[in-house]
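# Breakdown of the fold
One letter stands for each residue in the lines below.
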Amino acid sequence: LTVFGTWNSSYNERINDWKESLLAMAEKRIDVTPLITHRFPLQDCNKAFEMMKNRTEFFNKVMLELGGEENA
């Protein structure tokens, strides 16, 4: 078995791209809202997965939300 992969960010004590990204979002330096193309209530997760699997619509970031309404 040979496993190949990549990692595109730094995550250690000195450099942590994840924390830096979250801080930038919290401080409104980065607006990721336009990247979200679909929102589904959690109970409709199968509908969301089918849409992505079958590629019936363009999607970029699909959010599953607790108690939300679908905005697809």
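Bear in mind that the values here come from a model prediction, so they are computed numbers and not experimental data.

Okay, the layout of surface pockets next. In this structure, the largest pocket encloses a volume near 210 Å³. Lining the largest pocket, in full, are Asn8, Ser9, Asp17, Trp18, Ser21, Leu22, Met25, Ile30 and Val32. Among the residues making up the lining of the largest pocket, the classes are represented as five nonpolar, three polar and one charged.

Looking now at unusual backbone geometry. Excluding glycine, residues mostly have negative phi values, and the peptide bonds linking residues are mostly trans. Here Lys28, not a glycine, exhibits a phi torsion of approximately 65°, which is positive. Structurally, Lys28 can be placed in the loop between helix 1 (17–26) and strand 1 (36–41). Accessibility expressed as a relative area gives 72% for Lys28, which makes it exposed. Phi at Arg55 is positive, roughly 50°, even though this residue is not glycine. You can see Arg55 is positioned in the loop between helix 2 (45–54) and strand 2 (61–65). Note on Arg55: relative accessible area 66%, which makes it exposed.

Successive side chains on a regular strand alternate, one facing one side of the sheet and the next facing the other. The sheet contact formed by strand 1 and strand 2 spans five bridges and is parallel. Directly across from Phe40, in strand 2, lies its bridge partner Leu64. Each parallel crossover has a hand, and for strand 1 linked through helix 2 to strand 2 it is right-handed.

The subject of this paragraph is a nonpolar patch on the surface. Residues Leu42, Phe49, Leu64 and Leu66 make up a contiguous nonpolar surface patch of about 410 Å² in total accessible area. Looking at the element boundaries, Phe49 is found in helix 2. For Phe49, a relative accessible area of 47% corresponds to the partly exposed category.

Rules used in this analysis
- Sequence order as written defines residue numbering, which begins from 1 separately in each chain.
- Per-residue local features of the predicted model are confined to residues with pLDDT of at least 70, and side-chain atom pairs are confined, for both listing and counting, to 80 or more; whole-chain, interface and lining totals are unaffected and use all residues.
- In computing side-chain values, all of the structure's heavy atoms are included and hydrogens and water are not.
- The pocket and cavity definitions rest on a 1 Å grid over protein atoms only: a 1.4 Å probe that fits but cannot leave marks a cavity, an open set with protein on both sides within 12 Å along at least five of seven lines marks a pocket, and residues lining either have an atom within 4 Å of a point.
- Grid points are joined across faces, edges and corners, and a volume is the space filled by probe spheres set on the points.
- By the convention adopted, Pro, Cys, Tyr, Trp, Phe, Met, Ile, Leu, Val and Ala count as nonpolar, Lys, Arg, Asp and Glu as charged, and the other residues, Gly among them, as polar.
- Numbering of helices and strands runs from the N terminus; a helix is a DSSP stretch of H or I covering at least four residues, while a strand is a stretch of E covering at least two.
- Here's how the labels work: a residue is buried when its accessible area is under 20% of the maximum for its type, exposed when over 50%, partly exposed in between, all with a 1.4 Å probe on protein chains only.
- Pairs of strands are assigned from DSSP output, requiring at least two bridges between the strands.
- Whether a crossover is right-handed comes down to one check: with the strands pointing away from the viewer, does the path from the first strand over the helix to the second run clockwise; if it does, it is right-handed.
- Nonpolar side chains (Val, Leu, Ile, Met, Phe, Trp, Tyr) within 5 Å and like charges within 9 Å form the patches, drawn only from residues with over 30% relative accessible area and no salt bridge.
- A 1.4 Å probe and the Shrake-Rupley method give the accessible areas. Residues count as covered only by the protein chains that appear here.
- The term salt bridge refers to a pairing of a side-chain nitrogen on Lys or Arg with a carboxyl oxygen on Asp or Glu at a separation within 4 Å.

Functional significance is not addressed by these values, which are geometric in nature.
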